[in-house]
Amino acid sequence: MADHDLRPETLAAHALGGIDGATGAIIPPIHPSTTYERDADLGYGRGRCYSRADNPTYDAAADTLTALEGGAQTLLFASGMAAATAVFQALEPGDHVVVSKVMYWALRAWLRGFATRWGLEVEAVDTSCLDAVRSALRPGRTRLVWVESPANPLWVISDIAALAELAHGAGAKLAVDSTIASPVLTRPLALGADIVMHSATKYLNGHSDVVAGTLTTAARDEFWARIKAVQVQIGGVLGPFEAWLLQRGLRTLFARVRWQCASAQDLAQRLSEHTGVAEVLYPGLPGFAGHEVARRQMSGGFGGMLSIRVAGGEAAAIAVAAATGVWKRATSLGGVESLVEHRASMEGAESPVPGDLLRLSVGLEAVEDLFADLDQALRR
């Protein structure tokens with residue numbers, strides 16, 4: 001069967017099905033070389049020059065993700081932040097950008113501390129409110145709309161298809177941070193987005209042993225060429241070993257995410273009835289504000305992330321996190337192990353996250369063990 005006849009689960013599991021031509025190995029080899037031999041006429045007839053721009057090990061992960069996202073090309077970066085900031089660095093001084101008010105805290109801090117000093121005009125709005133986005137857009141001046149959906153750690157849902165229409169009507173690109181959804185649940189390019197970004201440290205790799213980021217484009221246009229130039233010239237590229245580990249993680253992506261979604265849904269429902277929990281934030285709950293939009297643009301589940309607001313306030317939330325055993329107190333998300341984090345103390349004084357909130361990243365443990373651990377901590 002041709003690749004285009006295969007389902008995404010199969011493409012991911014096979015890493016597009018490539019077999020090493022030299023050895024017949026079904027697992028792609030690692031190419032650690034930083035440089036490549038030139039031809040006698042000083043050309044590069046074999047297509048490789050230097051690993052800051054290109055390396056054969058990158059191809060398996062990049063090509064697999066391009067196929068899963070339905071895009072034209074994928075670039076691998078040394079971190080999610082390197083990937084995200086490359087998009088903004090490809091803009092011109094004076095450009096106006098609209099971003100999600102609820103977003104990954106480190107990118108919010110970078111936009112405030114660096115992007116504005118470089119001449120970008122950054123406007124943060126509630127991107128789940130189309131009227132707010134419509135009012136913020138400045139046709140001819142707004143060059144980029146950056147949306148995170150679901151948005152960490154309140155899991156705000158934004159309507160990607162509607163935002164694409166608004167952005168394009170104003171002459172802007174739409175970029176979507178789809179780290180939480182992954183291509184298992186949402187394909188932003190199919191909904192009209194121009195670029196999709198992942199902190200590949202999270203679900204794409206899935207084993208808490210790689211820091212990486214990715215960008216996938218719908219079209220290899222002039223703006224994409226500028227992003228690639230930023231990547232190569234500034235040098236925020238992934239190493240060959242990390243790229244190989246990322247490709248390994250992609251092979252189990254669908255199995256991991258679907259298990260995590262099912263466990264998160266179960267936990268959200270149980271915790272919503274717990275006397276120690278004031279509120280559960282999870283797109284899969286019918287009462288959640290963005291549930292209907294999430295149901296429309298997320299397929300197969302609502303993600304492996306949820307947050308709880310602990311009855312008793314901030315001190316109680318910190319005490320609950322301290323009392324867990326199966327849940328590990330650590331930052332990051334999307335790995336095979338379940339993590340709990342008090343986000344307000346992590347993000348600092350300017351965080352929009354309430355002090356009573358705990359962010360939960362659901363791993364691959366038995367859901368009964370995960371609930372029992374939270375239950376005993378909440379009852380203390």
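The preceding data block contains the structure.
Definitions and limits used
- Residues numbered from 1 in each chain as written.
- Predicted model: local features only at pLDDT ≥ 70, side-chain atom pairs only at ≥ 80, totals over all residues.
- Heavy atoms only, no water.
- Buried < 20%, exposed > 50% of the residue type's maximum accessible area, 1.4 Å probe, protein only.
- Helix = DSSP H or I, 4+ residues; strand = E, 2+ residues; numbered from the N terminus.
- Pairing = 2+ DSSP bridges.
- Salt bridge = Lys/Arg side-chain N within 4 Å of Asp/Glu carboxyl O.
- Axes fitted to C-alpha atoms, helices over the stretch in contact; angles between N-to-C directions.
- Contact = heavy atoms within 4.5 Å.

Asker: Account for the pairing of strand β9 (residues 305-310), with residues named and values stated.
Answerer: Of all the six residues making up β9, five are buried; the element is thus mostly covered by neighbouring parts of the structure. In the sheet, strand β8 (residues 277-281) pairs with β9 via four bridges, with the strands oriented antiparallel. Pairing of Glu279 across the sheet is with Arg309, part of β9. As judged from the five bridges shared by β9 and strand β12 (residues 357-361), these two strands associate in the antiparallel manner.

Asker: Any details on helix α3 (residues 80-89)? Residues and values, ideally.
Answerer: Where burial is concerned, most of α3 is hidden: seven out of the ten residues are buried. Gly80, Ala83, Ala84, Thr85, Ala86, Val87 and Phe88 are the residues of α3 that are buried.

Asker: Give a detailed account of the pattern of salt bridges, specifying residues and quantitative values.
Answerer: In this structure the tally under the stated criterion is 22 salt bridges. Put simply, Arg226 and Glu222 hold a salt bridge, and the shortest N to O gap is 2.4 Å. In this pair, Arg226 and Glu222 both sit in helix α8 (residues 222-235), four residues apart, roughly one turn of the helix. For Glu222, a relative accessible area of 52% corresponds to the exposed category. Ionic contacts of the salt-bridge type, sharing partners, join the residues Arg108, Glu341, Arg343, Glu347 and Arg359 into one network.

Asker: Could you give an account of the pairing of strand β7 (residues 213-217), with specific residues and numbers?
Answerer: Within a regular strand, side chains alternate between the sheet's two faces. Among the five residues of β7, five are classified as buried, and the element is accordingly described as predominantly covered. Residues Gly213, Leu215 and Thr217 of β7 are buried on one face, and the alternating residues Thr214 and Thr216, pointing to the opposite face, are buried as well. Where strand β1 (residues 73-77) meets β7, five bridges bridge the pair, whose relative direction is antiparallel. Note that in β7 the partner of Leu75 across the bridge is Leu215. By the bridge criterion, four bridges tie strand β6 (residues 195-198) to β7 in an arrangement that is antiparallel. Considered in β7, the bridge of His198 is made with Thr214.

Asker: Can you tell me about the sheet that holds β7, naming the residues and giving the values?
Answerer: One open sheet accounts for seven strands, arranged β1-β7-β6-β5-β4-β2-β3; its pairing is mixed. In the strand order of this sheet, the two ends are held by β1 and β3 (121-125), each with one partner. Within this sheet the neighbouring strands show an average axis-to-axis angle of 20 degrees, counted without direction. Relative to strand β4 (residues 142-148), strand β2 (residues 96-100) is paired through four bridges, and the arrangement is parallel. Its bridge partner being in β4, Val98 is matched across the sheet by Val145. Packing of α8 onto the sheet brings it into contact with β1, β5 (173-177), β6 and β7, and relative to β1 it is tilted by some 25 degrees.

Without other data, these values stay purely geometric and don't point to any function.
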